[in-house]
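Structural overview
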Amino acid sequence: MNTREHDHDLIPPRFRDWFAERGWAVRAHQREMIEKAKAGVDVLLVAPTGGGKTLAGFLPSLIDLAERGPRNGPKALHTLYISPLKALAVDVERNLLTPVREMGLPIVVESRTGDTGQARRQRQKNLPPDILLTTPEQLALFCAWEGARDYFENLRCVVIDEIHAIHGSKRGDLLSLGLARLRSFSPNLRCVGLSATVDDPARVRRWLSDRGNDIVLGRAGAPPQLEVLLSENRVPWAGHTAQHAMAEVYETIKTARTALVFVNTRWQAEFAFQELWRLNDDNLPIALHHGSLSAEQRRRVEAMMGRGELRAVVCTSTLDLGIDWGAVDLVIQLAAPKGSSRLVQRIGRANHRLDESSRAVLVPASRFEMLECQAAVEAVAENALDGDPSRTGARDVLAQHVMGCGCSEPFDLEALYAEITRAAPYADLSWEAWEQVVDFVSTGGYALKTYDRFRRLIRGQDGLWRVRNEETARRHRMNVGVIVTAQTLNIRLPGRRGSGRMIGQAEEWYFEQLSPGDSFLFAGQVWRFEGVEGTDAIVTRSNDTEPKVPSWGGSKFPLSTYLAKRVRRMMSDEAAWSRLPRDVCEWLFAQKDHSSLPGEDDLLVETFTRGKRHFLVCYPFEGRLAHTTLAMLVTRRLDRAGVGPIGYLANDYALCVWAMRPMDGLDFDALFQQDMLGDDLEAWLDESFMMKRAFKECALIAGLIERRMPGHEKNSRQVTFSADLIYDTLRRHDPGHLLLSCAREDAARGLLDVARLGELLARISGRIRVERLARLSPFAVPLLMEIGKERAPGTSAADMMLEDAALIDEAMS
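Reading the values: rules and limits
- Residues numbered from 1 in each chain as written.
- Predicted model: local features only at pLDDT ≥ 70, side-chain atom pairs only at ≥ 80, totals over all residues.
- Heavy atoms only, no water.
- Helix = DSSP H or I, 4+ residues; strand = E, 2+ residues; numbered from the N terminus.
- Buried < 20%, exposed > 50% of the residue type's maximum accessible area, 1.4 Å probe, protein only.
- Contact = heavy atoms within 4.5 Å.
- Areas by Shrake-Rupley, 256 points an atom, 1.4 Å probe, with all protein chains shown as cover.
- Axes fitted to C-alpha atoms, helices over the stretch in contact; angles between N-to-C directions.
- Parallel < 35°, antiparallel > 145°, perpendicular 65-115°, else oblique.
- Left-handed = near helix turned anticlockwise from the far one by under 90°.
- Nonpolar A, V, L, I, M, F, W, Y, C, P; charged D, E, K, R; others polar.
- Salt bridge = Lys/Arg side-chain N within 4 Å of Asp/Glu carboxyl O.
- Pairing = 2+ DSSP bridges.
- Polar contact = N/O pair within 3.5 Å; in protein donor to acceptor, adjacent residues only side chain to side chain.
- pLDDT = per-residue confidence, 0-100.
- Core = buried A, V, L, I, M, F, W, Y, C linked by side-chain atoms within 4.5 Å.

Quick notes on the overall build of the protein chain
The helix and strand inventory of the protein chain stands at 31 helices and 27 strands. A total of 813 residues make up the protein chain; the buried ones form 58% of that total. The long-range share in the protein chain, meaning contacts at least 24 apart out of those at least 6 apart in sequence, stands at 74%. About 33500 Å² of surface is accessible on the protein chain, with carbon and sulfur atoms providing 48% of the total.

Some points on the packing of helix H16 (residues 395-408) against helix H19 (residues 470-478)
Contact pair H16 / H19: the axes reach a minimum separation of 10 Å and the direction vectors enclose 135°. Between H16 and H19, the interaxial angle falls into the category oblique. When you trace H16 past H19, the crossing you get is left-handed. Counted together, Gln400, Met403, Gly404 and Cys407 of H16 and Thr472, Ala473, His476 and Arg477 of H19 form the full contact between these two elements. A class-by-class count of the residues in the contact of H16 with H19 yields three nonpolar, four polar and one charged.

Structural notes on the environment of cysteine 405
Secondary-structure assignment places cysteine 405 in helix H16. Spatially, the C-alpha atom of cysteine 405 lies 9.2 Å from that of glutamate 146, the residues being 259 residues apart in sequence. Here cysteine 405 is in contact with Cys143, Arg181, Phe411 and Leu416, once residues within four sequence places are set aside.

Comments concerning the pattern of salt bridges
Pairs can form between side chains of opposite charge whenever their charged atoms are close. Counted according to the given criterion, the structure contains 45 salt bridges. Notably, a salt bridge pairs glutamate 419 with arginine 181, separated by 3.0 Å at the nearest N-O pair. Highlighted residues: glutamate 419 in helix H17 (residues 413-420) and arginine 181 in helix H9 (residues 170-185), separated in sequence by 238 residues. Overall, the relative accessible area of 2% leaves arginine 181 in the buried class. Close ionic contact of aspartate 462 with arginine 466 constitutes a salt bridge, the shortest N to O distance being 3.0 Å. You can call arginine 466 partly exposed: its relative accessible area is 24%. Residues joined in a network through salt bridges with shared partners are Arg149, Arg181, Glu409 and Glu419.

Concerning the pairing of strand S2 (residues 79-82)
Of the two faces of S2, the one holding Thr79 and Tyr81 and the one holding Leu80 and Ile82 are both buried throughout. Two strands pair when backbone bridges link them, and S2 and strand S4 (residues 131-134) are joined in this way by four bridges, in the parallel orientation. Across the sheet, the residue bridging to isoleucine 82 is threonine 134, located in S4. Sheet topology places S2 next to strand S5 (residues 157-160); four bridges connect them, and they run parallel. Each bridged residue has a counterpart across the sheet, and for tyrosine 81 the counterpart in S5 is valine 159.

Observations regarding the side chain of serine 186
Within the secondary structure, serine 186 is located in the loop between H9 and strand S6 (190-195). For serine 186, a relative accessible area of 2% translates into the label buried. There is a polar contact of 2.7 Å between the side chain of serine 186 and the backbone oxygen of leucine 155.

Section: the packing of helix H2 (residues 13-21) against helix H4 (residues 53-68)
The geometry of H2 relative to H4 is characterised by a closest axis approach of 10 Å and an angle of 140° between their N-to-C directions. Taken together, the axis directions place H2 and H4 in an arrangement best described as oblique. Together, Arg14, Phe15, Trp18 and Phe19 of H2 and Leu55, Leu59, Leu62, Ile63 and Ala66 of H4 make up the contact between the two elements.

Concerning the confidence of the model for the protein chain
Taken as a whole, the protein chain shows an average pLDDT of 85; of its residues, 90% reach a score of 70 or greater. Of the regions scoring below 50 in pLDDT, residues 550-555 engages in 19 contacts with residues more than four places distant in sequence or in other chains. Low pLDDT (under 50) marks residues 788-800, which in the prediction has six contacts with non-local residues, meaning those over four places away or in another chain.

A few points about the nonpolar core
Within the largest apolar cluster, 117 residues are counted, with the highest numbers of intra-cluster contacts made by Leu80, Val402, Trp434, Phe672 and Phe695. Of all the elements, helix H26 (residues 689-702) adds the most residues to this core, at eight residues. For valine 402, the residues in contact, after removing those within four places along its chain, are Phe411, Ile420, Trp434, Val437, Val438, Val441 and Leu457. Listed in part, the 65 residues of the second largest apolar core include Val380, Met570, Val584 and Phe621.

Observations regarding the sheet that holds strand S13 (residues 359-363)
The pairing of strands in a sheet happens through backbone hydrogen bonds and is either parallel or antiparallel. Strand order in the open sheet made by the six strands is S8-S13-S12-S9-S11-S10, with parallel pairing throughout. In this open sheet, the two edge strands, each paired with only one partner strand, are strand S8 (225-228) and strand S10 (286-289). Within the sheet, the average angular offset between the axes of one strand and its neighbour, ignoring direction, is 20°. For strand S9 (residues 258-262) and strand S11 (residues 312-315), the ladder comprises four bridges, and the chain directions are parallel. When the sheet's bridge partners are listed, phenylalanine 262 is paired in S11 with cysteine 315. Packed onto the sheet, helix H12 (residues 266-279) meets S10, S11 and strand S12 (328-334) and runs at close to 170° relative to S10.

A short note on the sheet that holds strand S7 (residues 214-217)
The seven strands lie next to each other as S3-S4-S2-S5-S6-S1-S7, forming an open sheet whose pairing is parallel. Every interior strand has two partners, whereas the edge strands, strand S3 (109-111) and S7, have only one. The average undirected angle you get between the axes of adjacent strands in this sheet is 15°. Packing against the sheet, helix H5 (residues 86-102) makes contact with S2, S3 and S4, and its axis sits at approximately 170° to S3. Helix H10 (residues 201-208) rests against strand S1 (43-46), S5, S6 and S7 of the sheet, and its axis sits at about 140° to S1.

Here we look at the side chain of arginine 171
Turning to its location among the elements, arginine 171 is positioned in helix H9. If sequence neighbours within four positions are ignored, arginine 171 has contacts with Pro84, Pro136, Glu137, Ile166, Val482 and Ile483.

Focus: the pairing of strand S21 (residues 603-610)
Counting buried residues along S21, six of its eight residues qualify, which places the element largely inside the surrounding structure. Bridge count for S21 against strand S27 (residues 768-772) is five bridges, and the pairing is parallel. Counterpart to leucine 604 in the pairing with S27 is arginine 769. Of the pairings in the sheet, the one linking S21 to strand S22 (residues 613-618) comprises six bridges and is antiparallel in character. Bridge assignment links glutamate 606 to a residue of S22, and that residue is valine 617. The antiparallel hairpin formed by S21 and S22 contains two residues in its connecting segment, where glycine 611 sits at a positive phi of about 65°.

See below:
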């Protein structure tokens, strides 16, 4: 049977006509998704941006619902779509309504997010649409509804979009548990995953479902046009703003219809936006979009983008998932992308057409970033993606899910265990660990069981477990989700009783370091901080052209393991240097002559003296988190060795420790032994504030502490006080408590990157090369530049430039 005859059997006439009217042909992966649906199997679709991936996920449901015709009986939810972003769910709703409207299909499509009004939510509960588009957090709330089983018993399909952005996280753990729950409600449910950037399809497919192993691969699109911007100014030795190239970035924006300028942090977004406006002599419409801006301002920017009214938008990861902005024809990545998968995802925002190349420009902010950007470009050209490592499901997330199940209906311990172990992250959960989680939810654990408020689940005479009372269920539903964000304050202009216009939000800790009268940069403008009133930070417009506090730092992406390997390989291959700018090549050759270059599988350690300080610098290229942890552990060992280090600094590429005593006579093989991840790590964790921070997050996720209460919400100080009190109690009286164990796992995995550090120490064992230098090396210059800026915040820019020039002259002489 030829393709046309096959389509005739698979695709109803009005769908064929609709494709023809648009001048489209049904793509092979869309046809295959319909076939998989007819076979009733779960499937992961990996297809490039612009290939009709989302439509392919929905086509089987649209066809099924169209053939069903108008429903005479009670309404039932047919398809549930889950997106990691609220904005993406709303965007897909708009796009999906187009074929429904143009074909006149009797299908109701609606979205439900945290922004959905209460009246619409209640209507959706009583009268469900045919297709509902939502988020992982809303699914967790659904699973905690009384009557959830009846609501979902006729569900036929779940579509999970951008699955790569969810599965390897606590949100992925919670979603996986929700999918297992839906399968128990509707055993014939089909699960569909969609992504353009999956590094290991088989692993993601296993996360999606434990039934079969069906993967559909879409045809590759036109390769993207990628270039690394080579500024006429020489590439800076250090920094992360790319200020040296902003004039060229502005000129590049002028060549585009609409450009997305991606940065990695909100701080960089604010800085880049301010710089572009300073250069904007042509009065181009340029906007700013990041997560701390008010929802109203973000929606306004998105609407202007949709209408093609903006020339450029400076944005963070808030816009790097599959929203289709038709006018975008250029992506600029400002500073290194930190991973090839993230870069591919961002490139995909330009030109949503499979057969035309997307155009992207990378703008490295420093010489090490130049190496990283070149490695990322080559990885994308080879379609070599990086991804998250496999993870075991977090037990604080499981505790939240168990509580939600108890709020929905009474459950049998063995039956729920069987259901939960169908979820891939919890497939290996032992019965003992399962009982510990349930005991925690029902009593709070050994040290807390005497406190009545921690009794949330009870076991009835029928042997089934259920929520203690309706008030406990209501509080749980108010606190569903695993995204624990820092407490924020509303940034407002003055007004009576909080009536001043809201500018946006920023973390509470940021304002703790400001004094009234200080100026700071936010939302592209300079503001004067006046003080805090309740949950509002009151600001007025400032006349300062240079803010006293540039902005707040925000989080940083770590350099991916895969990209780090490629950078090390590039440094080891002189032939690869020809693709780099001349000044970067000179820098590499100077490092080779003066010291040596890091190898693929060894560790270069340098020692030298400068002034009264003795320095130890090493270059693992394993990311900021692993390097920071390694630096902290090394300083403990150096302290025991009598060196008495006085400081350290780490970035994505290297780490530096300095002391008042020489370090070149140390036994470096012993210093970097893997056993530092034993007692040294344990001792440091016992003293570290990070454990308290990790515990607070676990306690919030597991429901031991509730931020939102009926009628009010705890501020961060109240939450921290409660968490610290419970943490100290458990450490004294119940050191084996579930949440202490969860906090240690989180600190090791997220805040410290211990697994990656362990791989590094194993890789370099017996392969440490020590260079004892008379002066600093070219590679060490960027770190010493950072030390100067970190340790002398009051130093003038001119003084720092002179110090930087002296460092460069010393290293290159």
